[in-house]
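# A structural walkthrough
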Amino acid sequence: MSLASRRCSRTACGRAAVNTLTYVYADQTAVLGPLATYAEPHAYDLCELHSERLSAPRGWEVLRLAPDPRAQGPSTDDLLALADAVREAARPAPAPVPLHSTDDPSRGAKRGHLRVLTPTD
């Protein structure tokens, strides 16, 4: 399920999810953060309205994690890495090293310092 098609986990709410709620039972903490990349079975996706109205049980703390605005979308490093990968994939494969005049062709082709042996019949 993609991020765009996930809905609020609250009953009868059909709005788009914008945040994910998880519980840390050991610390008695409810953590509300940006929408998780994948839907998890023990996490709850919430719309903007239900995220704002969120309250935790008495004695629990609500930790609200704000998204990093610089982390939105691909970074310059991501785009450069993608361009390098495309350039690498477009390069032609290196040609095999030709047989040397002193090599015996019946023993296989020589590629650099390795020799490819052919099965003998």
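Our structure is the block above this text.
The text that follows walks through the structure, step by step, so that each part is easy to find. (Residues numbered from 1 in each chain as written. Predicted model: local features only at pLDDT ≥ 70, side-chain atom pairs only at ≥ 80, totals over all residues. Heavy atoms only, no water.)

### Remarks on unusual backbone geometry
Rules: Runs of H or I in DSSP of at least four residues are treated as helices and runs of E of at least two as strands, each being numbered from the N terminus. Each residue's exposure class comes from its accessible area (1.4 Å probe, protein chains only) as a fraction of the maximum for that residue type: buried when under 20%, exposed when over 50%, partly exposed otherwise.
Residue Ala 12 is not a glycine yet carries a positive backbone phi of 65 degrees. Within the secondary structure, Ala 12 is located in the segment before β1 (19–24). Owing to a relative accessible area of 83%, Ala 12 belongs among the exposed residues under this scheme. Positive phi, close to 50 degrees, is recorded for Gln 28, a residue that is not glycine. Considering the arrangement of structural elements, one finds Gln 28 in the loop between β1 and β2 (29–34).

### What about the side chain of Arg 6?
Formally: Between N or O atoms, a polar contact is any pair within 3.5 Å; within protein, one atom must be a potential hydrogen donor and the other a potential acceptor, and residues adjacent in sequence are included only when both atoms are from side chains.
Here Arg 6 is to be found in the segment before β1. When its relative accessible area of 0% is taken as the criterion, Arg 6 is described as buried. Here the side chain of Arg 6 touches Thr 37 through a polar contact of 3.4 Å, landing on its backbone oxygen. Within the local environment of Arg 6, its side chain forms a polar contact with the side chain of Asp 45, the two groups lying 2.8 Å apart.

### Describing the sheet that holds strand β4 (residues 61–64)
The cut-off we apply is this: Only strands joined by at least two bridges in the DSSP assignment are considered to pair. Orientation is described by lines fitted to C-alpha atoms, with helices fitted over the stretch in contact, and by angles between N-to-C directions that extend from 0 to 180 degrees.
One open sheet holds the four strands; their spatial order is β3-β1-β2-β4, and the pairing between them is mixed. On the outer flanks of this sheet lie β3 (44–46) and β4, each paired with one strand and no other. Within this sheet the neighbouring strands show an average axis-to-axis angle of 25 degrees, counted without direction. Looking at chain direction, β2 and β4 are connected through four bridges and run parallel. Bridge pairing in β4 links Val 31 to Leu 63.

### Considerations on the nonpolar core
Here is the rule: We define a nonpolar core as any set of buried Ala, Val, Leu, Ile, Met, Phe, Trp, Tyr and Cys residues linked to one another through side-chain atoms lying within 4.5 Å. We call two residues in contact whenever any of their non-hydrogen atoms come within 4.5 Å of each other.
Listed in full, the eight residues of the largest apolar core are Cys 8, Cys 13, Leu 21, Ala 30, Leu 32, Leu 46, Cys 47 and Leu 54. Residue contacts for Leu 46: discarding those within four places in its chain leaves Cys 8, Arg 10, Ala 17, Val 18, Asn 19, Leu 21, Leu 32 and Ser 51.

### Observations regarding the packing of aromatic side chains
Inclusion rule: Any pair of Phe, Tyr and Trp rings, taking the six-membered ring for Trp, is counted once the centres come within 6.5 Å. Such a pair is stacked with planes under 30 degrees apart, edge-to-face with planes over 60 apart, and tilted for the rest.
This structure, assessed with the given rule, holds four aromatic pairs. Ring centres 5.9 Å apart and planes at 35 degrees place the aromatic pair Tyr 23 and Tyr 25 in the tilted group. Relative to Tyr 44, the ring of Tyr 23 lies with its centre 6.2 Å away and its plane at 70 degrees, an arrangement referred to as edge-to-face. With a gap of 21 residues between them, Tyr 23 in strand β1 and Tyr 44 in strand β3 connect regions that are remote in the sequence. You can call Tyr 23 partly exposed: its relative accessible area is 30%. These aromatic residues form a ring-pair network of at least three members: Tyr 23, Tyr 25, Tyr 44 and Trp 60.

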